[in-house]
Amino acid sequence: MANIAAQRIKREFKEVIKSEEVAKCAIKVELVNDNYTELKGEIAGPPDTPYEGGNFILEIKVPETYPFNPPKVRFITKIWHPNISSVTGAICLDILKDQWAAAMTLRTVLLSLQALLSAAEPDDPQDAVVAKQFKENAEMFHLTACHWTNIYAGGPSVNKDFDDKIKKLVEMGVDEHEARVALSSYNWDMERATEQLFS
Amino acid sequence: MEATLKSLSQDADSDMECSDNDCLDEYDYYNTADDNDIEQIDPSKTDPEYFEYECLTEEQVERLLNETVEILSNNLQITPSLAKVLLHSHGWAVTIIATKYRGNPDHLLISSKVKPSTTPLPVSGCSRYLTCPVCVTPQIIEKFFSLSCLHLFCKDCWTMHFEVQISQGISTAISCMARDCEVLAPEDFVLKHLSRSNMREKYQQYTFQDYVKSHPELRFCPGPNCQVVIRSREPKAKRSICCQCKTIFCFKCGMDYHAPTDCHIIKKWLTKCADDSETANYISAHTKDCPNCHICIEKNGGCNHMQCYNCKYDFCWMCLGDWKAHGSEYYECSRYKENPNIAHESVHVQAREALKKYLHYYERWENHSKSLKLEAHTLEKLKSRINQKVMSGLGTWIDWQYLFTAAGLLAKCRYTLQYTYPYAYYMEVGPRKELFEYQQAQLEAEIENLSWKIERAETTDRGDLENQMDIAEKRRTTLLKDFLDV
Ligand SMILES: [Zn+2]
Ligand SMILES: [Zn+2]
Ligand SMILES: [Zn+2]
Ligand SMILES: [Zn+2]
Ligand SMILES: [Zn+2]
Ligand SMILES: [Zn+2]
């Protein structure tokens, strides 16, 4: 690994650990290997959002050319958000692409991701299905995102109705996550979700 | 350059001039030679495809750009590097930039990302050492540099930054390394930090490409491995021919020339064809059954007038109708007859009708494109046929030259005809479409006549063929005059 990249990551690692956000348990980073090429990030779901109470794990890969190129970041924790793929966890965020600046840091990235959870950009979507629901059925989006936070990120709000619907599909032999994706995509309409799963 | 310019202005009337004297051996519809002695008719008025442009080499373009840079940098008393940033972001419009500068220089410099939007604060303190925010290494202050925004970074980091950006193909859009700072790095600043010669070369190559692309009068020739840049003061969707590689393309969009269809429609059409390629594949077969005796016939020439080798029945390859009916005024093979009650039909019927309509146009589009390719093959056959004739004492090569000229004209007419199909597909039903399809049918009929005659020319008597060429080209120009709208 290039000298500058390692030097920077070491420094930034310390910066994050000392930051006030860590003190408030809002962000966190951990080393995955000794040569600073991969890290594990964690952000807390911001208050007054469907992600509140959840903890979201991030995969952070540091390229050779860091910090002249941005780190490669994706969500490991499954999440229902217009700018994050519900399948791969890939993120659509300008500073992780062409708006990256070499003077930005891991802390900037984690805080920007947290801000993205508070304010989605449905016109620049990563997940078209989620973005459509976000724009056309705000309440359904909110409920679905809360449910995903509850199931995958340890969020507090349990949705009995959703859980029951998934249970029914699981009893029919459908994988639990697949059932959740189908129901979420069809606004929790059992009939259409079933049709899609069995077609 | 003069000669190239002249060759473009092909004059409809020059065809007549040539038909009765011996200039035929250099008689080419695409490159009508020297027209100095032809009566002075303004080709921009008579030829719907007339287009003035010139082919430039890299050095000529560089000279042209540098002249503009010099004018602006003298005019505004700024460095040539900054002048380039301004010109690049303003489509090389010197007067507009100069006016804006006199009106509100700060506004211009900020919006062009030459100056930061907020007044920068100079580094305070008098320490001899600074820590670079990118490499986090403390170094003496002399090693630090900044753009107009005064964001300081060490020399090595600037170099790395530029090398990484250039290796990703970025050149004129490289900005400062600070967060949320949009100030662009001008050429002199970048070059000052690049020492490796291959990096400097790449950078200069990329900026050159960016400058040409941002210049409204310049276009790279789209031909493979061609370095030529075409310049026209009138950037329209007209036919440009590269003087180096002979690629023919639309000046505006750089795709294959597509008159009478416009750039937007042809793009839509080509995307549609690519998307629907599966559906359309089944029709691209090379064989069909004779509608009279049902024997299998293979199409091996460009002509759509087919004659069954078995029963000698004359029919049309496209619609399988009797060819005799095609010769009349009521030639309707090219026209698609829309169902007048379609709006009242079910969604299902409408979808089927839409597909039928698309296939009608696609089939003809594809067929003419294939015919053009087959005609190249016909030309080869023509050559060997002429060779045989000449060997057996039937005339000289010069006597037969007119056949090649005719084949060239045929290709040109068929090319235009091919591009009339996307045009017609997107046209709204109405009298204008009726007129268009009437003219299209007329052109199509004359092209098939010409194709038939060329494939079967047996004598050196060229009167009949030249007459046919004249009619076909007249039909083509008439259609373009009425419908080519650029
Ligand atoms: Zn540095
Ligand atoms: Zn800056
Ligand atoms: Zn060329
Ligand atoms: Zn075009
Ligand atoms: Zn037959
Ligand atoms: Zn026909």
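Residues numbered from 1 in each chain as written. Chains lettered and ligands numbered in written order. Predicted model: local features only at pLDDT ≥ 70, side-chain atom pairs only at ≥ 80, totals over all residues. Heavy atoms only, no water.

Caption draft 1: Layout of the overall build of chain A. From N to C terminus, chain A includes eight helices and four strands. The order of helices and strands in chain A, counted from the N terminus, is α-α-β-β-β-β-α-α-α-α-α-α. Taken over C-alpha atoms, the radius of gyration comes to 18 Å for chain A, in line with the 16 Å a tight globule of 199 residues would show. Over its C-alpha atoms, taken along the principal directions, chain A stretches across nearly 55 × 30 × 30 Å. Taken over 199 residues, chain A has a buried fraction of 49%. For chain A, the proportion of contacts with a sequence separation of at least 24, taken over those separated by at least 6, is 53%. Total accessible area on chain A stands at roughly 9,800 Å², and carbon and sulfur atoms take up 50% of it. Here chain A contributes 22 positive and 30 negative side-chain charges, whose respective centroids are spaced 6 Å apart. (Helix = DSSP H or I, 4+ residues; strand = E, 2+ residues; numbered from the N terminus. Rg over C-alpha atoms; globule rule 2.2 N^0.38 Å. Buried < 20%, exposed > 50% of the residue type's maximum accessible area, 1.4 Å probe, protein only. Contact = heavy atoms within 4.5 Å. Areas by Shrake-Rupley, 256 points an atom, 1.4 Å probe, with all protein chains shown as cover. Lys, Arg positive; Asp, Glu negative; His and termini not counted. Charge placed at Lys NZ, Arg CZ, Asp CG, Glu CD.)

Caption draft 2: Up close: the sheet that holds strand 7 (residues 229-231) of chain B. Residues and elements named next belong to chain B. Within the open sheet, the three strands sit side by side as 1-7-6. Their pairing is antiparallel. On the outer flanks of this sheet lie strand 1 (54-56) and strand 6 (218-220), each paired with one strand and no other. Neighbouring strand axes in the sheet, compared pairwise and without regard to direction, differ in orientation by 30° on average. Here three bridges tie strand 6 to strand 7, and the two strands are oriented antiparallel to one another. When the sheet's bridge partners are listed, Leu-218 is paired in strand 7 with Arg-231. The sheet contacts of helix 4 (residues 58-76) involve strand 1, strand 6 and strand 7, and relative to strand 1 the element is tilted by about 95°. Against the sheet, helix 10 (residues 197-214) engages strand 6 and strand 7, with an angle of about 125° to strand 6. (Pairing = 2+ DSSP bridges. Axes fitted to C-alpha atoms, helices over the stretch in contact; angles between N-to-C directions.)

Caption draft 3: Structural detail: the UniProt feature "domain: UBA" (unreviewed entry) in chain A. Under the feature "domain: UBA" (unreviewed entry), the UniProt entry names residues 161-199 of chain A. For residues 161-199 of chain A, the helix share is 77%, the strand share is 0%, and the end-to-end C-alpha distance is 24 Å. (UniProt positions renumbered as here; feature names shortened; annotations may be inferred.)

Caption draft 4: Quick peek at the coordination of the zinc ion (ligand 2). Residue and element names in this part refer to chain B. Protein ligation of the zinc ion (ligand 2) involves Cys-149 (SG), His-151 (ND1), Cys-176 (SG) and Cys-181 (SG), the donor distances falling in the range 2.0 to 2.3 Å. Geometry at the zinc ion (ligand 2) is tetrahedral, judged from the four donor atoms that bind it and their angles of 100 to 116° at the metal. The exposure class assigned to His-151 is partly exposed, which follows from its relative accessible area of 30%. When its relative accessible area of 4% is taken as the criterion, Cys-176 is described as buried. (Donors = N, O, S within 2.8 Å, 3.2 Å for Na, K, Ca; no water. Tetrahedral: all angles 85-135°; square planar, octahedral: opposite > 155°, others 65-115°.)

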